[in-house]
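Listed below, chain by chain, are the residues.
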Amino acid sequence: MSIKRQAIAGTLESSDIQISIAQGASEQNEIYLDSPVKHLFGEEIERLIRSLLAKHALSGVVVKAIDKGALDCTIVARMQAAIYRATENDINWELE
Amino acid sequence: MLLTHKTKFVQRERPMERVFLKDQKQKLAVKSFLQEHDLRLDSFIDELYVLRINEKIVGTGAIYENVLKCIAVSDLLKGTDSINKIMSFLTRRCFDLGKTNLFIYTKPTAYESFEYFGFKKIASSENVVLMENGVVGLDGYMAKLKKEVCSGQTGCVVVNCNPFTLGHQYLIESASKLCDTLQVFVVSEDKSSFPHDVRFELVKKGVAHLDNVIVRKGQSYIISEATFPSYFLESETEAVKEHCKIDLSLFGEKIAKALNISKRFIGEEPLNGTTALYNETMKTLLPSYGVEVLEFKRKEVKGHPISASSVRRHINNANFGALKELLPQTSYDYLLSEAAKPVINKIKEEYQEKNLV
């Protein structure tokens, strides 16, 4: 899949995460994470984000994630919504 | 039962509500709320939103182009999630409007609270900090610039070119002789009679004969609605001075550094007040970043300095004889083309409006 436009999902409220996705300049996926628990779960959150990008076969994407203490399920949901909007592609929600 | 339900309903925080500035009563309420928080309600606002509890305003936020403004929250709600609600709402609303890279002007004492919402400081003066939250943002823009970094002495010219005249061509030609590579930035903001794409193309065509010139888009980072809002408005000198400093420190600290720019060339500005002030600030500020500022006298035709505004006046009067003397062949050909008709009509409309005022 490819990025057709910049997209955003999620809010900046407590226990949520705001994800914005855009097409990057290089081939690699770039992730900018800002989180109050970065020192504890930063790597884990990044790994989760990368795995979701890989799942949707996305590369050369810039993801900016502003985390306010979201649980994994929230991160997955926000990532999927952001990807869905950015690729203008229908996700088969039942398979996810 | 019914009563408790009703009370609850009244007390619940509603999502943000749009307020129209035409509504004088509402406008006054917002104005006094902002005054309590040392903020000003200026007239350059596209959309204004408020947060209310029990009809009382407890928070505000506004959007103008891609800049967020007037963000305040009542002291009673400090420490709650109200500010998060406002910021979430505004960023979301902007995304829906297609504005993906947002800017905020704030005080040096308050900028850290915006870092919490993903904003990053990109330039500052003593009184103001400019922040942005783009996914790609300034770093992305500079990465793009760096792809074409050239060795040797690099100079820079920033132009709006509304439209490209022989005066601009003269400035760029003279500047290109004084350095190995000349970076020409064309202001991207679409606030001029000639749309950005056209201005950019005319510059490109007009300097095509010069080998060492690279023409680029200034985007949001050189004289834009974000870095220099008052350039496009007629506002107080204090604000203009502050904006000059922000725009130039961003240039000196980031862009000039990324491209190894050591000289910035400007044309003398006897006419326009804002640009003259900008040039003066440049002469005092840029040398501290290792950028030398060199000023050229304007090229004259028949004893008058060439200016883009006089070109627009001749366009309005359909005085093609005079235009031929002021424009390079490339710009002149464009004006005669079919594509230029909407632009010419726009200029005529602008003149009609001015005459009515």
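As a reminder, the structure under discussion sits directly above these lines.
In this text, all values refer to a predicted model and were calculated from it rather than measured experimentally.

## Regarding the overall build of chain B
Scanning chain B from N- to C-terminus turns up 13 helices and 14 strands. Oriented by its inertia axes, the alpha-carbon framework of chain B measures out at about 85 × 50 × 30 Å. Across the 357 residues of chain B, 51% fall into the buried class. In chain B, of all internal contacts separated by at least 6 residues, the share reaching a separation of at least 24 is 68%. Total accessible area on chain B is roughly 17800 Å²; 52% of this is exposed by carbon and sulfur atoms.

## A closer look at the packing of aromatic side chains
Residue and element names in this part refer to chain B. Within the structure shown, the criterion is met by nine aromatic pairs over all chains. Summarising the aromatic geometry, the rings of Tyr 49 and Phe 89 are spaced 4.8 Å apart at their centres and angled 65° between planes, so their arrangement reads as edge-to-face. Residue Tyr 49 is found in strand β2 (residues 47-53), and its partner Phe 89 is found in helix α3 (residues 82-96); the two are separated by 40 residues along the sequence. Since its relative accessible area comes to 25%, Phe 89 is described here as partly exposed.

## Considering the sheet that holds strand β5 (residues 103-106) of chain B
All names here are of chain B. The mixed open sheet is built from seven strands, whose spatial order is β1-β2-β3-β4-β5-β7-β6. Looking at which strands have only one partner, the edges of the open sheet turn out to be β1 (17-19) and β6 (120-124). Mean inter-strand twist for the sheet, computed between neighbouring axes without regard to direction, equals 30°. Seen against the sheet, helix α8 (residues 237-259) touches β5, β6 and β7 (129-132) and runs at an angle of roughly 110° to β6.

## Some thoughts on the pattern of salt bridges
Applying the stated criterion to the full structure yields 18 salt bridges over all chains. Residue A:Arg78 pairs with A:Asp16 through a salt bridge whose shortest N-O separation is 2.6 Å. In this pair, A:Arg78 is assigned in helix α2 (residues 72-87) and A:Asp16 in the loop between β1 (7-9) and β2 (17-23), connecting sequence segments 62 residues apart. Given the relative accessible area of 7%, A:Asp16 is considered buried. Across the salt bridge formed by B:Glu280 and B:Lys283, the nearest N and O atoms sit 3.2 Å from each other. Of this pair, B:Glu280 and B:Lys283 both sit in helix α9 (residues 273-285), three residues apart, which is roughly one turn of that helix. Its relative accessible area of 30% is what places B:Lys283 among the partly exposed residues.

## Section: the packing of α8(B) against α9(B)
All names here are of chain B. Relative to each other, α8 and α9 sit at 50°, their axes nearing to 9 Å. What the angle tells us is that α8 and α9 run oblique. In the crossing of α8 with α9, the sense of the turn from one axis to the other is right-handed. Touching Thr 237, Val 240, Lys 241, Cys 244, Lys 245, Asp 247, Leu 248 and Ser 249 of α8 are Thr 274, Leu 277, Tyr 278, Thr 281, Met 282 and Leu 285, all from α9. Partitioning the contact of α8 with α9 into residue classes produces seven nonpolar, four polar and three charged.

## Notes on the interface of chain A and chain B
Between chain A and chain B, the contact holds 18 residues from the first and 17 residues from the second. When chain A packs against chain B, the two sides together hide about 1500 Å² of surface, and 57% of this comes from carbon and sulfur. Joining chain A to chain B, the criterion identifies zero salt bridges. Counting the contacts that link chain A with chain B gives seven residue pairs in polar contact (both at pLDDT 80 or more).

## Section: the pairing of strand β3 (residues 30-34) of chain A
Residue and element names in this part refer to chain A. In β3, alternate side chains face the same way, and those of Ile 31 and Leu 33 are buried while those of Glu 30, Tyr 32 and Asp 34 on the opposite face are not. Pairing analysis gives five bridges linking β3 to strand β4 (residues 61-67), with the strands arranged parallel. Within β4, the position partnered with Tyr 32 by the bridge is Lys 64. Each parallel crossover has a hand, and for β3 linked through helix α1 (residues 38-55) to β4 it is left-handed.

## Here we look at the environment of B:Gly290
Residue and element names in this part refer to chain B. Take Gly 290: it is sitting in the loop between α9 and β12 (292-296). The partly exposed category is assigned to Gly 290, whose relative accessible area is 49%. Sequence spacing of Gly 290 and Lys 263 is 27 residues, and the spatial spacing of their C-alpha atoms is 8.4 Å. Residues in contact with Gly 290, not counting those within four places in the same chain, are Ile 261 and Ser 262.

## Concerning empty space enclosed by the protein
Under the counting rule described, the total for this entry stands at one cavity of 30 Å³ or more. By volume, the largest cavity amounts to about 50 Å³. As for the largest cavity, its lining consists of A:Ile8, A:Gln18, A:Ser20, A:Lys64, A:Ile66, B:Phe95, B:Thr100, B:Asn133 and B:Val135. Of all the elements in the fold, those that place two or more residues in the lining of the largest cavity are β2 and β4 of chain A.

What counts, and where the lines are drawn
- Residues numbered from 1 in each chain as written.
- Chains lettered and ligands numbered in written order.
- Predicted model: local features only at pLDDT ≥ 70, side-chain atom pairs only at ≥ 80, totals over all residues.
- Heavy atoms only, no water.
- Helix = DSSP H or I, 4+ residues; strand = E, 2+ residues; numbered from the N terminus.
- Buried < 20%, exposed > 50% of the residue type's maximum accessible area, 1.4 Å probe, protein only.
- Contact = heavy atoms within 4.5 Å.
- Areas by Shrake-Rupley, 256 points an atom, 1.4 Å probe, with all protein chains shown as cover.
- Phe/Tyr/Trp six-rings, centres within 6.5 Å; stacked < 30°, edge-to-face > 60°.
- Pairing = 2+ DSSP bridges.
- Axes fitted to C-alpha atoms, helices over the stretch in contact; angles between N-to-C directions.
- Salt bridge = Lys/Arg side-chain N within 4 Å of Asp/Glu carboxyl O.
- Parallel < 35°, antiparallel > 145°, perpendicular 65-115°, else oblique.
- Left-handed = near helix turned anticlockwise from the far one by under 90°.
- Nonpolar A, V, L, I, M, F, W, Y, C, P; charged D, E, K, R; others polar.
- Buried area = accessible area lost by both parts, 1.4 Å probe.
- Polar contact = N/O pair within 3.5 Å; in protein donor to acceptor, adjacent residues only side chain to side chain.
- Right-handed = clockwise from strand over helix to strand, strands pointing away.
- 1 Å grid on protein atoms, 1.4 Å probe; cavity = no way out; pocket = protein on both sides within 12 Å on 5 of 7 lines; lining within 4 Å.
- Points joined across faces, edges and corners; volume = space filled by probe spheres on them.

Spatial relationships are all this shows, so hold off on functional conclusions.
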